[in-house]
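Summary of the model geometry
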Amino acid sequence: MKNSGKKVITAVVIVAAVVLVAVLMSLRDVEDFHDKYAGVDLSVDVEGMEREGTYTGYLNAHKDAAYSTVSVEVDLFDYAASGDGQVEKLTQYEGADEALYTGTGSYVSWEVDIPESGYYNVYMEYLIPQSRGVAAERVIYINGEVPFEDARNVSFTRIWTDGGEVRVDNQGNQIRPTQVEVYDGQHSYFRDDRGYITEPYLFYLEKGVNEISLEAENEPMVLRKLVVSEVQQTLSYDEYIKNQPEMNSSEAAKNYVQLIEGEDSTLRSESSLYAKYDRSSPTTQPNSVTKTVLNYVGGEAWRSAGQWIEWEFEVPEDGYYNITIKGRQNYARGSVSNRIVYIDGEIPFSELQAVSFEYSNDWSYKQLADEDGAPFQFYLTAGKHTIRLEAALGGLGPILENLEDSTFRLNQIYRKLLVYTGATPDQYRDYQIEKNYPEIMEAMDLESKRLFKIVDDMVAYSGQKADQIATAQTVAQQMERFCEKPNKITTEFTTFKDNITAVGTATLNMSETKLDIDYLVVSGVDAEVKQKKSNGFMQLWHELKSFAASFVVDYNAVGDVYEAGGEEEVIKVWILTGRDQGTILKSMVDESFTPSTGIKVNVEIVAADALLNAVIAGRGPNVVLSVGADQPVNYALRKASVDITQFEGWEEVLSHYTPSSYEQYTLDGGIYGLPETQTFNVMFYRKDVLEELGLEVPQTWQDLEEMLPTIQGNNLSIGLPTATGSSGAAAATTAIASNAPDLSMYFAL
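Described in the following lines is the structure provided in the data block. (Residues numbered from 1 in each chain as written. Predicted model: local features only at pLDDT ≥ 70, side-chain atom pairs only at ≥ 80, totals over all residues. Heavy atoms only, no water.)

Let us look at a negative patch on the surface. A cluster of acidic residues, Asp238, Glu239, Glu351, Asp370, Glu371 and Asp372, forms a negative patch on the protein surface. Within the secondary structure, Glu239 is located in helix α4 (residues 237–242). (Patch = residues over 30% accessible without salt bridge, like charges linked within 9 Å, V, L, I, M, F, W, Y side chains within 5 Å. Areas by Shrake-Rupley, 256 points an atom, 1.4 Å probe, with all protein chains shown as cover. Salt bridge = Lys/Arg side-chain N within 4 Å of Asp/Glu carboxyl O. Lys, Arg positive; Asp, Glu negative; His and termini not counted. Charge placed at Lys NZ, Arg CZ, Asp CG, Glu CD. Helix = DSSP H or I, 4+ residues; strand = E, 2+ residues; numbered from the N terminus.)

Below, the structure is given as structure tokens:
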């Protein structure tokens, strides 16, 4: 009995100690590195380590230039065209009397008389016609030159919408409609598509005649208007509210509440931003644990700056209204997701250029308000309006831009060391790097201080040190050790390379800004917006209902489910990937295959390891998708799969594939499967490395072979995939290229 009491006391003490440690750690201040870079000019560059062509460098080169206050509209049809793409004047096109079609590969120039020297924005009204369904990309030239590297890739999004109403299958589950493209006019300023900079690009133009050119890198565009515009400066909220009329709204307007479901968005920038189903939270609206109910939008697909979703709403009368967003950012702990808010296609005031959603496991309510919590009042006229949320980086953008610049310089440092020491330096040799390459030591010292400041900036912005930014701290501390003891460079050279790679990966990961939207609320200034928040009891009850439902609901079935065994023929198809793929497949089957053939199809989502057991038990599917490439012949050897050459029309089906793509599915003259995808290898090359070595881009395999001595002589390598290896890790060496290159795996160089 006494022993039992002692055990209880010991357990209580241990638990109390753990709780105390956790509390103390939560109260502990985040480590600050200010002393490491205080008083150091971090804007200087070490010779040979500069990054040229940046937008920041471009602005610094014209730092004394003034913002222009005048705009000049370009005469679209007074142009000079070259390049491979078609350029054509159109009349009466999609509501425009005149428009200019610019095809992919075109290069179009206009001469513009600029009244005063200074900074300008470039504004364009356009339509993207039917093509490949991806964003259009343009390169902008000023007087024949690209002003900065980011001007080589300016993106313009398309418009997508639902192709019909939400359908309900015979199991009571909602099926989202297919996405269709909307070919409508849009307008945009030339902006940073990575989201590092929220404001439109500034272009410096001298007074007089200047040439502005657009090169079509990707997708055709129909231009309706092109303006060299005065610099747009968004008003503050105080300035915005002063410009609105003074009025007293009616009691009905003051207490008006309209809830806009997230899944009911009208337009979106990409076809992947469709409505989704969530049953993880009891407060998601609408909610069901037994049926598939579309109840939110966003998710993993809504992660890149520039992606937007738009909703329509209506207010009963002129007046002032508040806006609340029910959102969830449970994707990146220690990070913040930002959205730009547009009302009727415009950003009303600057405070809406970065509305932040902090990490939370459950839904949170974000009322658009100032820093003190006072709700913003939006003046809206009676009738229909639109609200658009566009993914942005907000205050994270400048931090990531600095981190990307730092990654570039880290690669410069690594490559200079690589040429001198080789990929695997001799740990017992003194390379005397501090004497032979003092500029490298200077660059590492400066870069470590820059990275320490980036870490501090990130912690100040997000409120905590996330795992991703910790990689920058690791590299900074490693370079600090290198500067104190240069001999550690050779012993830690491999980890130094890995850490640089980790920083680059972290930059990409932190640039993702994912967010879910359950609903938005437009309400009168006196209306109370109800907030339904989850608690422990609600979550427990929700989980119990979900558990009970799992015994009676077939979560594997997708769409309409038909009973097999009757007079009607039913095909059972298993798909081993995910529900999204299954839903798309089932929609295609129900829309085209079943109506044209009369054959009904059941599609089920099944785990890959269930196939073999089902086949042995005689309960396998008629068709299975997404199996490994080795499986068709594996099952054929056991008489468990069917030779498709016995069916009529098999040759016409295979004519859509290259013979090499289904060679692995053949056995004894029979063919036992069809490829879902065909993979082709392409070659990527480092432009900066080739320029530094004085090499031209290879056009033939002979050119590449002749380059190998120069590349290997600088301790660099080429990665080629082979029939037995890949271009990753150890296989990515010139030894693979020289010993057993499988050039047939490439279709282009």
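On we go from here.
We now examine the packing of helix α6 (residues 396–421) against helix α8 (residues 438–462). Between α6 and α8, the shortest axis-to-axis distance is 10 Å and the interhelical angle comes to 155°. Taken as axis vectors, α6 and α8 run roughly antiparallel relative to one another. The two elements α6 and α8 meet at a crossing, and its hand is left-handed. Here Leu396, Ile399, Asn402, Leu403, Ser406, Arg409, Leu410, Ile413, Lys416 and Leu417 of α6 come into contact with α8, specifically with Ile440, Ala443, Met444, Glu447, Arg450, Leu451, Ile454, Asp457, Met458 and Tyr461. Its residues assigned to classes, the contact of α6 with α8 shows 13 nonpolar, two polar and five charged. (Axes fitted to C-alpha atoms, helices over the stretch in contact; angles between N-to-C directions. Parallel < 35°, antiparallel > 145°, perpendicular 65-115°, else oblique. Left-handed = near helix turned anticlockwise from the far one by under 90°. Contact = heavy atoms within 4.5 Å. Nonpolar A, V, L, I, M, F, W, Y, C, P; charged D, E, K, R; others polar.)

Attention now goes to the environment of Tyr414. Relative to the assigned elements, Tyr414 resides in helix α6. In this structure the C-alpha to C-alpha distance between Tyr414 and Ile500, which are 86 residues apart in sequence, comes to 8.7 Å. When residues no more than four places from it in sequence are discounted, the contact partners of Tyr414 are Phe493, Phe496, Lys497 and Ile500.

To continue, consider the pattern of salt bridges. Opposite charge on two side chains permits them to pair, given that their charged atoms come into close proximity. Applying the stated rule across the entire model yields 31 salt bridges. Between Asp45 and Arg450 there is a salt bridge; the shortest N-O distance is 3.4 Å. Separated by 405 residues along the polypeptide, Asp45 in the loop between α2 (34–37) and α3 (55–61) and Arg450 in helix α8 bring together distant segments of the chain. Here Asp45 falls in the partly exposed class, since its relative accessible area comes to 40%. For Arg167, the salt bridge identified is with Asp590, shortest N-O distance 3.5 Å. Separated by 423 residues along the polypeptide, Arg167 in strand β10 (residues 167–168) and Asp590 in helix α13 (residues 579–597) bring together distant segments of the chain. Overall, the relative accessible area of 33% leaves Arg167 in the partly exposed class. Through salt bridges with shared partners, one network takes in Arg51, Asp150, Asp192, Arg194, Glu404 and Asp405. (Buried < 20%, exposed > 50% of the residue type's maximum accessible area, 1.4 Å probe, protein only.)

This part takes up the packing of α6 against helix α11 (residues 493–510). Axis separation between α6 and α11 bottoms out at 10 Å; the angle between their running directions is 155°. As the angle between them shows, α6 and α11 are arranged roughly antiparallel. α6 and α11 meet at a crossing whose hand is left-handed. Residues Leu396, Leu400, Leu403, Thr407, Leu410, Asn411, Ile413, Tyr414, Leu417, Leu418 and Thr421 of α6 lie in contact with α11, whose contacting residues are Phe493, Phe496, Lys497, Ile500, Val503, Gly504, Thr507 and Met510. By residue class, the composition of the contact of α6 with α11 is 13 nonpolar, five polar and one charged.

It is worth spelling out unusual backbone geometry at this point. A negative phi angle characterises most non-glycine residues, just as the trans form characterises most peptide bonds. The linkage connecting Gln285 with the following residue, Pro286, adopts the cis geometry, with an omega of -10°. As for its placement among the helices and strands, Pro286 is situated in the loop between β19 (275–276) and β20 (296–299). A positive phi angle, close to 50°, is found at Gln92, a residue other than glycine. Along the polypeptide, Gln92 turns up in strand β3 (residues 87–93). The residue Asn715 is not glycine, and still its phi comes out positive at about 60°. Looking at where Asn715 falls in the secondary structure, it is placed in the loop between α19 (701–713) and α20 (734–739). Looking at Asn715, the relative accessible area reads 32%, which means it is partly exposed.

Structurally, the position occupied by Ala65 is in the loop between α3 and β1 (72–73). Each C-alpha atom of the pair Ala65 and Glu206 lies 10.0 Å from the other, and the pair is 141 residues apart in sequence.

What follows concerns a nonpolar patch on the surface. Together, Phe537, Leu540, Trp541 and Leu544 line one region of the surface with nonpolar side chains, adding up to about 490 Å² of accessible area. Tracing the sequence through the fold places Leu544 in helix α12 (residues 536–549).

The end-to-end C-alpha separation of helix α9 (residues 467–484) is 26 Å, in line with the 26 Å expected for 18 residues at 1.5 Å each. Of all the positions in α9, only Ile469, Ala472, Gln473, Val475, Ala476, Gln478, Met479 and Phe482 are classed as buried. Structurally, α9 contributes buried residues whose contacts are with α6, α8, α10 (488–491) and α11. (Expected span 1.5 Å × (residues − 1).)

To continue, consider the pairing of strand β13 (residues 186–189). Of the two faces of β13, only the one carrying Gln186 and Ser188 is buried; His187 and Tyr189 on the other face are not. Pairing analysis gives four bridges linking strand β6 (residues 118–127) to β13, with the strands arranged antiparallel. What sits directly across from Tyr123, in β13, is Tyr189. (Pairing = 2+ DSSP bridges.)

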